[in-house]
Amino acid sequence: GDGRLGGNDWDRRVARWINSQVVRLGGSDTLEDDARLAMTTALAEAAKITLTDEEVAVISLDGLVPGGGEVELSRDEFEHLTLDLVQRMLGPIKAATEEAGVALGDIPPAEGKWVSQWGRYPIDQVILVGGATRIPP
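About the thresholds
Residues numbered from 1 in each chain as written. Predicted model: local features only at pLDDT ≥ 70, side-chain atom pairs only at ≥ 80, totals over all residues. Heavy atoms only, no water. Buried < 20%, exposed > 50% of the residue type's maximum accessible area, 1.4 Å probe, protein only. Helix = DSSP H or I, 4+ residues; strand = E, 2+ residues; numbered from the N terminus. Pairing = 2+ DSSP bridges. Contact = heavy atoms within 4.5 Å. Core = buried A, V, L, I, M, F, W, Y, C linked by side-chain atoms within 4.5 Å. Expected span 1.5 Å × (residues − 1).

### Topic: the pairing of strand 1 (residues 56-60)
Only one face of strand 1 is buried, namely the one carrying A57 and I59, since none of V56, V58 and S60 on the opposite face is buried. Direction of pairing for strand 1 relative to strand 2 (residues 70-74): antiparallel, over a ladder of five bridges. Pairing of I59 across the sheet is with V71, part of strand 2.

Here it is as C-alpha cells:
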C-alpha cells in the first residue's frame, strides 16, 4: 500500500471541511489555533468513525461558532471529500494483484472462490488491514 497514507489523512480532510463550516457560520478559522485545531480534529475523527455505521454524522460546533450549533456530514459528502485518498490506495492494490497474477473483481466466483484471469491462484481469503477497510463501499 501507500505507507504515507493513513487514517490521519481522512481526519485532516474532514477537519478542513468542519473548518469551512465553522467559518461559514461566523466562527474563526480553527486551523490557526492549536486548541481549536485539536478540537476540530477530534470532531473529524469521531465523524469518520460514525460514518462507518451510519449514513450521517452530526457534528456539534459548540465552542467553535457563536451560539453553538451543529452540522451534518453525510457518507456521500465524506466519500466526495476523500475520493482522491481512496484513489491513491487503488494503485498499490492494482500493482499487488497484478504481481500476484490475480484480478480481483474482474472474474465472477467459481465454486465460491475468486479466480484470476489466467485461471490460477484461486483466492480463498482477502486480508484487509488499516482503518480505511472499515469504510463502507
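This is not the end of the story, as more comes after the structure.
### Some details on the side chain of D9
Mapping D9 onto the fold places it in helix 1 (residues 7-24). Apart from the residues lying within four places of it in its own chain, the contact partners of D9 are R4 and L85.

### Side note on the nonpolar core
Membership of the largest hydrophobic core comes to 20 residues, with the highest contact counts inside it found for W17, I18, I59, L61 and L73. The set of elements that each furnish at least two residues to this core consists of helix 1, helix 2 (34-53), strand 1, strand 2 and helix 3 (75-81).

### Remarks on helix 4 (residues 83-100)
For helix 4, which comprises 18 residues, the first-to-last C-alpha distance of 26 Å matches the rise-based estimate of 26 Å (1.5 Å per residue) to within 8%. Looking one or two residues past helix 4, G101 carries a phi angle of roughly 80°, positive in sign.

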